[in-house]
Each structure stands twice: as structure tokens, then as C-alpha cells.
Amino acid sequence: MSPSQGQFEQLILPIGTTLDRFINTQQNNFPFARGEFSQLLRDIAIASKIVNREINRAGLANISGSYGAQNNHGEDQQKLDMVANVRFIRALKNGGEVCAIASEEDEELIDTGNYNAKYVVAIDPLDGSSNIDVNVAVGTIFSIYRRVSPAGSPPGPEDILQKGTQQVAAGYILYGSSTMMVLTSGAGVDGFTYEPSLGEYYLSHPNMRMPKTGKIYSINESSYSTFPKPIKDYIQYCHDENYSARYIGSFVADFHRNLLKGGIFMYPQSTKSPQGKLRLLYECFPLAFLVEQAGGMAIDGDKRILDYEPERLHQRAPLIIGSSEMVKTARKYFLLDHVRV
Ligand code: P6P
């Protein structure tokens, strides 16, 4: 018996819009970029496909586990941290659209030699990499700025030490049960799911909006005794509201769940980490840009994260990020604390 028209329709559903085609449509938002911006996003996508392949076979290719060195933050580098760093830096250098790169894995700003390039990139090549050996989701986080130094000249720190509000684009790749790229170029947030058999990202989550509120809070409560009073008070509020505690230990994975379901993630200052743990340029800024574009909020307790003016490449910042109503409630505890005499 031949299939019904409806059954046949199911067989020929279009897969969807590729990232490439979507970027071309976004190109209209960048009238001054003659395709350079599109090419830069393609370069990031290419590197992510290679890293995705290496993550998926880490256990077989002897590239999981410790690299045997520490990065400039004193954190043990995993082999895949180094592999991902090389892949993204090589793709950005060879792509020719980026004159400088700030990477979590490199102490100094990387001069790519592309002195006519218009853009600079801040990147965490593989965030949460300690989770790789136990097969838990990890991510890449990136932020894109226009350079401020004159084209044709060597880049300088002023090109990357720009306010969060100066970002032209930001995004992450989540290497999870499926691999997704979530991206903003200032006109909303869109999610693309990777189809490895075709080697393409397809638009799967157009115009992503973060729920205004939620019932999930995300914080490493083992550090409870080191938190400031407003954070302790807000955690107590979450308990009283019977929120669910969810903490994956990969910032991108925790953020992505909250983007879809609503929730709040906190890595605050503490007596152990007076400026928090997450780095401003390549963790806080890009996700703060994304969250605001999706209708959420990102603060350090009371100040908007995107208003920070960075002074150092690897500067840290306390972070409270997520559904707007939840972040506003958390901020009330900081404001209360300030008014306490
Ligand atoms: P902790 C991973 O190392 C990371 O930078 C983030 O991805 C994650 O949210 C955080 O650190 C976890 O830190 O101190 O709770 O183990």
C-alpha cells in the first residue's frame, strides 16, 4: 500500500537552514563587513567540528586525561584543552579575519599576523574539560570585537580590553548529547544543531528566549561557608521556594539548561575567590551578551556585567546570570546588604 500524502510529506521534510545560509542572511546586519564576519563565524564552526570529532573519540585516541602542565591560572591542563586551543587558534589564524586572540590557555595576547583583519576574538577553547574523562558535556565559549587599533598595524591590548557592550557577536558550542552552537550577533539568539553525518550545523532553535523565571538554581554549595551574606540569604530563599539544585560543573552546560528551562547560575565572590572564578573576557562577557539578547540578566551582585571595563586579559568577575526575575530577586539581597548599617 503506497504511503498517504501525509506520510510522504514526513519523508521529505526539509532538514532546515544551514549555519552558512543563516550567517549570510545575518550579513545584512553588518553592512560594513564585506563577508569577513561571515568567514570568521565559518572558521569558528570548522574548528568546532574538528574538536567535536576529537571529543567523541577521546577515550579511543589517548587524548583524554591530564596534559601534565598547568595553565596561567594554576589549573591542570587536560590534553583536550591543548588540542582544542591549537585547533581554534589555527582556524582563526589561517582564516585571516582575526588580528589578535585572547585564549584562556595562553598568558599573552596572540598576534595572528593578520594586520589588515578587522576583528579580535576572546575564547575559552574547552570549558569544563575536567569533565571529559567522565563523559560529561563540555563547551567552547567565544566573543568577537572589532579592533580599535588602525588596520595594517600590529594589534594591541586595547583591541581586546573593551567593554562587554562593545562585543559584535558571542556564542558557545556545547558538546553534549548533541552538539549545538548558540550564537548572537546582537539581533537575538539562535541555536544550531550539528548533524555529523552531513558535517553541517542546522538551525534548530530560532530566536531563543530565556524564561523570565524558573525553579532551578545552580551554584557549588560546597563553598557555602565562604560566600557573602547576600548569596547565603538567596540560597536560603531557593530552599524555601523548593527550587531544584542542578550543578554540572561545566558552565556552558549549566547555562544552556537554564536558557531552555529557566534558572539562575551563580559563581560569586567568596573568601576563597575574592573575584569569583570565571574569567571576564571569554566566559562572563560572551554569556552575558547572549543572556541579555535572550531576555535574561547578568550581574556581579549589583552591577551589570556588560558594563565592566576590563583591565587585564585573564581578569575574573563574580557572576550571577539567568532568568531576569530570578536575578532581580538575588540582587535584592545585595542591595539589602548594602543598606544594612
Ligand atoms: P567549581 C570549569 O572549570 C569552570 O570554569 C566552569 O565551567 C564551571 O562552571 C566551574 O569552573 C566549576 O568550578 O569550583 O565549582 O569546580
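Scroll up to find the structure.
In this text the structure is predicted, and so the values were computed from the model without any measurement.

### Quick word on the environment of Phe-289
Position of Phe-289 among the secondary structure elements: in helix α8 (residues 280-293). A residue is classified by how much of its surface remains accessible, and Phe-289, at 9% relative accessible area, is buried. The spacing of Phe-289 and Thr-184 is 105 residues in sequence and 7.8 Å in space, taken between C-alpha atoms.

### Comments concerning the state of the cysteines
Under the counting rule described, the total for this entry stands at zero disulfides. Here Cys-284 stays free of any disulfide, with the sulfur of Cys-238 as its closest cysteine sulfur at 19 Å. The exposure class of Cys-284 is buried, given its relative accessible area of 0%.

### Some points on the packing of aromatic side chains
Applying the stated rule across the entire model yields eleven aromatic pairs. Between Phe-37 and Tyr-119 the ring centres are 6.1 Å apart and the planes differ by 55°, which places this aromatic pair in the tilted class. Here the residue Phe-37 occupies a position in helix α3 (residues 36-56), and Tyr-119 occupies one in strand β5 (residues 119-127), the gap between them amounting to 82 residues. Just as Phe-37 is buried, Tyr-119 falls in that class too. Ring geometry for Tyr-237 versus Tyr-333: centroids 6.3 Å apart, planes at 55°, classification tilted. You can see Tyr-237 sitting in helix α6 (residues 229-240) and its partner Tyr-333 sitting in helix α9 (residues 324-339), a full 96 residues away along the chain. Look at Tyr-237 and you get partly exposed, because its relative accessible area is 23%.

### Topic: the nonpolar core
If you look at the biggest cluster of nonpolar residues, it comprises 45 residues, and the most contacted ones within it are Tyr-172, Phe-251, Phe-255, Ile-305 and Ile-321. The element contributing the most residues to this core is α8, with ten residues. Three or more residues apiece are contributed to this core by two domains, here domain 1 (19-205) and domain 2 (216-340). In this structure Ile-321 touches Phe-251, Phe-255, Gly-263, Ile-264, Phe-265, Leu-287, Ala-288, Val-291, Met-297, Ala-298 and Val-327, once residues within four positions along its chain are discounted. Ranked by size, the runner-up nonpolar core spans 38 residues in total, among them Ile-55, Ile-89, Ala-91 and Tyr-175.

### Re the sheet that holds strand β15 (residues 319-322)
Reading across the sheet, the five strands line up as β12-β11-β13-β15-β14 and stay open at both edges, with mixed pairing between neighbours. Two strands in the sheet have a free side with no partner beyond their single neighbour: β12 (244-245) and β14 (297-299). In this sheet, β15 lies alongside strand β13 (residues 264-267) in antiparallel orientation, the contact comprising four bridges. Bridge pairing in β15 places Ile-264 opposite Gly-322.

### Focus: unusual backbone geometry
You will see that Asn-135, though not glycine, has its phi angle at about 65°, which is positive. Position of Asn-135 among the secondary structure elements: in the loop between β5 and β6 (138-146). Classification of Asn-135 by relative accessible area gives exposed; the value is 75%. Of note in this structure, Asn-207 is not a glycine but carries a positive phi near 50°. Note that Asn-207 resides in the loop between β10 (200-205) and β11 (216-218).

### Thoughts on the site of the ligand
In the region of the ligand, the neighbouring residues are Asp-127, Gly-128, Asn-220, Tyr-247, Gly-249, Ser-250, Phe-251, Phe-265, Tyr-267, Lys-277, Leu-278 and Glu-283. At 2.6 Å, a side-chain N or O of Asp-127 approaches an oxygen atom of the ligand. At 2.9 Å from an oxygen atom of the ligand is found a side-chain nitrogen or oxygen belonging to Asn-220. Out of a free accessible area of 400 Å², the ligand has 79% covered by protein chains. Looking at the shell around the ligand residue by residue, the class counts come to five nonpolar, four polar and three charged.

### Some details on the pairing of strand β3 (residues 98-103)
Across the six residues of β3, six count as buried, placing the element largely inside the fold. The sheet contact formed by β3 and strand β4 (residues 110-111) spans two bridges and is antiparallel. Following the sheet pairing, Ala-100 is matched in β4 by Asp-111. The hairpin formed by β3 and β4 contains six residues between the paired strands.

Conventions used here
Numbering of residues begins from 1 in every chain and follows the order in which that chain's sequence is written. Totals for whole chains, interfaces and linings use all residues, but because this is a predicted model, local features are given only for residues with pLDDT of at least 70 and pairs of side-chain atoms are given and counted only at 80 or more. Values reported for side chains reflect all heavy atoms of the structure, with hydrogen atoms and water molecules removed beforehand. Each helix is a run of H or I in the DSSP string that is no shorter than four residues. Each strand is a run of E no shorter than two, and both are numbered from the N terminus. Relative accessibility thresholds used throughout: buried, under 20% of the residue-type maximum; exposed, over 50%; partly exposed, between the two (1.4 Å probe, protein chains only). Put simply, a disulfide is two cysteine sulfurs that come within 2.5 Å. Between the rings of Phe, Tyr and Trp (Trp by its six-membered ring), a pair exists once the centres lie within 6.5 Å; its type follows the angle of the planes, with under 30 degrees stacked, over 60 edge-to-face, and the other angles tilted. We define the nonpolar core as a collection of buried residues of types Ala, Val, Leu, Ile, Met, Phe, Trp, Tyr and Cys that are connected through side-chain atoms lying within 4.5 Å of one another. Domain start and stop points were drawn from an automatic or database domain assignment. By definition in these notes, contact holds between two residues if any of their heavy atoms fall within 4.5 Å. Note: two strands are recorded as paired if DSSP finds a minimum of 2 bridges between them. Residues are counted as near a molecule or strand when any one of their heavy atoms sits within 4 Å of it. By the criterion applied in these results, polar contacts are pairs of N or O atoms within 3.5 Å in which, for protein atoms, one can donate a hydrogen and the other can accept it, and in which residues neighboring in sequence qualify only through two side-chain atoms. To be clear on the numbers: accessible area is Shrake-Rupley with a 1.4 Å probe, and residue cover counts the displayed protein chains and nothing else. Three residue categories are used. Nonpolar comprises Ala, Val, Leu, Ile, Met, Phe, Trp, Tyr, Cys and Pro, charged comprises Asp, Glu, Lys and Arg, and polar comprises the others, including Gly.

Coordinates in, geometry out; function isn't part of it.
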